[in-house]
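Residues per chain, in single letters:
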Amino acid sequence: MPTFTEAQLVVLRALCDAAFQGHEGEDYNEILAALPADAPLRQREKVEAFISTKFSDWPGAVAALDQQFQDSLSPTNLADIQLTLTLLGTRAGTLLLTGHTSAFADLTLEQREKVLKGWSTSRLLLLRKAYRGFACLSLFVAYTAIDDVALATGYPALGDPNRAQSASRVRSHHPYVFKSISAPFEVIETDVLVIGSGAGGGVVVSQMAQKGWKTLVVEKGRYFKPEDLPGNPKEGMGSLYESSGLFATEVLNWAASLAPQGFLRKEWANSFGLPHFLSPEYTSSIEFVQKRMGVSAANIEHSAANSHFIDGGTVSWLADAAQAGCEFLIETSVERLLFASSSTSPSPTPETLHAFTPTASRKRCIGALLKSKDGTLAIVRAKEAVVVSAGSINSPAVLMRSGLKNPRIGKNLRLHPTSFVTGYYDELINPWDGSIMTAVSSARENLDGSHYGSKLEVMMSFPGGTAAAFVPWTASKEHKIALLGYNRSFTLIAICRDRGSGQIVLDKDGRARIDYRLDSYDGLSLLAGVVAGCEIHLAAGANRITTAQCGVEPYIPEPGHKFLADPKWIEWIATVEKAGIHPTWGGIGSAHQMGSNQMGSKPTTSVVDPRGRVWGTDGLYVADASVFPTSSGVNPMITVLATAHSIAQFIDEDIRVAASSPIMAHL
């Protein structure tokens, strides 16, 4: 079924063509003059078409945007987009939304551009959302899905042609063997079922398989051999990311191996009744996962971006599991968990599925109902344990879809909100090149003594993200000029340890949706990080500094400027601080998702107990970032791995204790 009617498409093209125009005459020459004389050949070859071609004239652009809407928006938000397009297709609706008396597509290009700019800073939330839905998403698609547009920024949009030519550049992979569902309602038996193959699930399954348990991993995503990984954002967004680029799966990260800080371990132990986080055993878990991941600073080589910043592995666990006999089901989703009165209860049939929901007498989790990508249903029977490791967005969704009623499920969601500061330099930076992240600044991480604040890291970027979120759009010409300097820029990301929280909810189709509003305290923390990022870029010699705030013009140091003491700098920073960081008033992202199945010492305030067991159930555990009591404040990979390693030991202990109980009772 088409997403938009033909009348709606007329309006959509008119909106996108205002955001990404085809320029000629003086505007063309002004944009072309921004191209550095030493621009690489791949950039110079594409600049003319980049400047002169509007969005809808690029082959496949409108279809790609249509697909992005379908992949990324909830049904409610998509309906809002459709309604807005319908209104703008009429004179009355255009008058209501723009103040003009003609239908939107009949307005001049200059009028349409002015409308979009006005929406970006409108006091009406509806109009700011319209700006982000149309201008920002169309720019994301233009610079991601259209190779020639990305190439015009200097970015190697076709991938690195030398990537697979050297054996040293292609990591070897384990020859996994994947199971498949062979018949409707097939019953697959295992000892331990692990849902999700990310950081948490990978550690748990490797540990349980190595301890001799028959294990099965169910993963909804695909498996890519290293040599088959997409080498460009256009393919990678749809293949590797949730919602085609708006959410990353748990196994995608910057390999930032930062251990949980001492204050965090004390807070979780003392404030949440979780002494294990201060125990020698948890320290051993941290050391174990760091050693297995090969964490070391010995061979760091800073990229150009990280060097300026200073101046101013999950596959291992799955290979371990496979070598120990673990089985894998990929491109298979979990519809819901199954509960019975005991682990020996008969398996459900299509007619008896309704009798396998959790109740006071059915607390034992015996497995899960699966669905393959072709819609075939199957049953997994887990004799000993079921471990949910689907990440902080999908793990609570699995629990809620399964009928568990703990009101804390999905609550306490932390997102590590982010904002961005981009600096432009005279020399080539190539912000996609080199080591991903080799430096971090903690200068703003503890603003008031509570250990809440922001860290600063270098953002390894790509043109689509930069165009849509990092560099605010104010007009087509100015935005294209800014993107021609992309390869001479890099973006600092301010990552906030959020004190506020949101929740995961289910839509009418049972899919996970995020309900989160940036807390005012966290907005101030992000702002402090943004200001610090601006100061770093200035000290590092940037010739232009841009925040992601709508309505804040870039800062361009004049000859002879006095750095932090320059009156114009002080005035500009005051403008940045006055604008603040607020939802829909600029680019705000989420670095990491945590906490939505909170661990704690009481079922009234948490979802899982100190051993990772879901309160009120038997044989059901959660092992991923969703069990964090608070946001971690650092890139959470090591914390997830270490916590999952600990939970795996608890699961093994619990199974063995349960198996020995009848004998002990008999004795």
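Everything numeric in this text was worked out from a predicted model, so none of it was measured.

## Considering the pattern of salt bridges
Per the counting criterion, the structure on display carries 23 salt bridges. For Asp148, the salt bridge goes to Lys46, with nearest N and O atoms at 3.4 Å. Pair noted here: Asp148 is in helix α10 (residues 147-151) and Lys46 is in the loop between α3 (41-44) and α4 (47-52), with a separation of 102 residues, a long-range link. For Asp148, a relative accessible area of 28% puts it in the partly exposed group. The exposure class assigned to Lys46 is partly exposed, which follows from its relative accessible area of 25%.

## Brief notes about the environment of Ala79
Structurally, Ala79 can be placed in helix α6 (residues 75-88). Once the C-alpha coordinates of Ala79 and Thr3 are considered, the two residues, 76 residues apart in sequence, prove to be 9.6 Å apart.

## So, the nonpolar core
Judged by nonpolar contacts, the single largest core of 73 residues is most densely connected at Leu193, Val204, Leu337, Leu399, Leu620, Leu641 and Ile651. Sorting elements by how many residues they give to this core places helix α22 (residues 637-666) first, with 10 residues. In this structure, Leu620 is in contact with Leu337, Phe339, Cys365, Val386, Val388, Leu399, Leu404, Gly612, Arg613 and Val614, ignoring residues within four places of it in sequence. One finds Leu9, Ala14, Tyr131 and Phe420 within the second-largest nonpolar core, a separate group that totals 71 residues.

## Focus: the packing of aromatic side chains
Counted by the stated rule, this structure contains 20 aromatic pairs. Ring geometry for Phe4 and Phe69: centres 5.7 Å apart, planes at 80°, overall edge-to-face. Of this pair, Phe4 sits in the segment before α1 (6-19) while Phe69 sits in helix α5 (residues 61-72), and the two are 65 residues apart along the sequence. Accessibility assignment for this pair places Phe4 and Phe69 in one class, buried. Between Tyr555 and Trp572, the aromatic rings sit 5.5 Å apart at their centres with planes inclined by 40°, giving tilted as the arrangement. With a gap of 17 residues between them, Tyr555 in the loop between β16 (544-547) and α21 (567-579) and Trp572 in helix α21 connect regions that are remote in the sequence. Across the pair, Trp572 and Tyr555 agree in class, each one buried.

## Observations concerning the confidence of the model for the chain
With 89% of its residues at a pLDDT of at least 70, the chain reaches an overall mean of 90. This stretch, residues 244-252, has a pLDDT under 50; its non-local contacts, to residues over four places away or in other chains, come to 29 contacts. When the criterion is pLDDT under 50, residues 663-667 qualifies, and its contacts beyond four places in sequence or with other chains add up to 0 contacts.

## Points about the packing of α1 against helix α9 (residues 125-145)
The geometry of α1 relative to α9 is characterised by a closest axis approach of 9 Å and an angle of 70° between their N-to-C directions. The angle between the axes of α1 and α9 places the two elements in the roughly perpendicular class. The hand of the α1/α9 crossing is right-handed. Residues Leu12, Leu15, Cys16 and Ala19 of α1 form the contact with α9, whose participating residues are Phe134, Ala135, Ser138 and Leu139. Residue classes in the contact of α1 with α9 are distributed as 7 nonpolar, 1 polar and no charged.

Here is what the cut-offs are and how they apply
- For every chain, the first residue of the written sequence is number 1, and numbering continues from 1 along that sequence.
- Given that this is a predicted model, residues contribute local features only at a pLDDT of at least 70 and side-chain atom pairs are listed and counted only at 80 or more, while totals for whole chains, interfaces and linings are drawn from all residues.
- Heavy atoms throughout the structure, all of them, feed into the side-chain values; hydrogens and water do not.
- Every case where a carboxyl oxygen of Asp or Glu lies within 4 Å of a side-chain nitrogen of Lys or Arg is listed as a salt bridge.
- We count a stretch as a helix when DSSP gives it H or I for four or more residues in a row; a strand needs E for two or more, and each element gets its number in order from the N terminus.
- Throughout this description, buried means an accessible area under 20% of the type-specific maximum (1.4 Å probe, protein chains only), exposed means over 50%, and partly exposed covers the range between.
- In this description, a nonpolar core means a group of buried Ala, Val, Leu, Ile, Met, Phe, Trp, Tyr and Cys residues linked to one another through side-chain atoms lying within 4.5 Å.
- It only takes one pair of heavy atoms within 4.5 Å for two residues to be counted as in contact.
- Aromatic pairing here means that ring centres of Phe, Tyr or Trp (its six-membered ring) are within 6.5 Å. Orientation follows from the plane angle: under 30 degrees is stacked, over 60 is edge-to-face, and everything else is tilted.
- The predictor attaches a confidence to each residue, called pLDDT, with possible values from 0 through 100.
- Note on geometry: axes are C-alpha line fits, over the in-contact stretch for helices, and angles between N-to-C directions span 0 to 180 degrees.
- For classification purposes, angles smaller than 35 degrees are called roughly parallel, those larger than 145 roughly antiparallel, those between 65 and 115 roughly perpendicular, and all remaining angles oblique.
- Whether a crossing is left-handed or right-handed is set by the direction in which the near helix is turned from the far one by less than a right angle, anticlockwise for left-handed and clockwise for right-handed.
- Here the nonpolar group is Ala, Val, Leu, Ile, Met, Phe, Trp, Tyr, Cys and Pro; Asp, Glu, Lys and Arg are the charged ones; every other residue, Gly included, is treated as polar.

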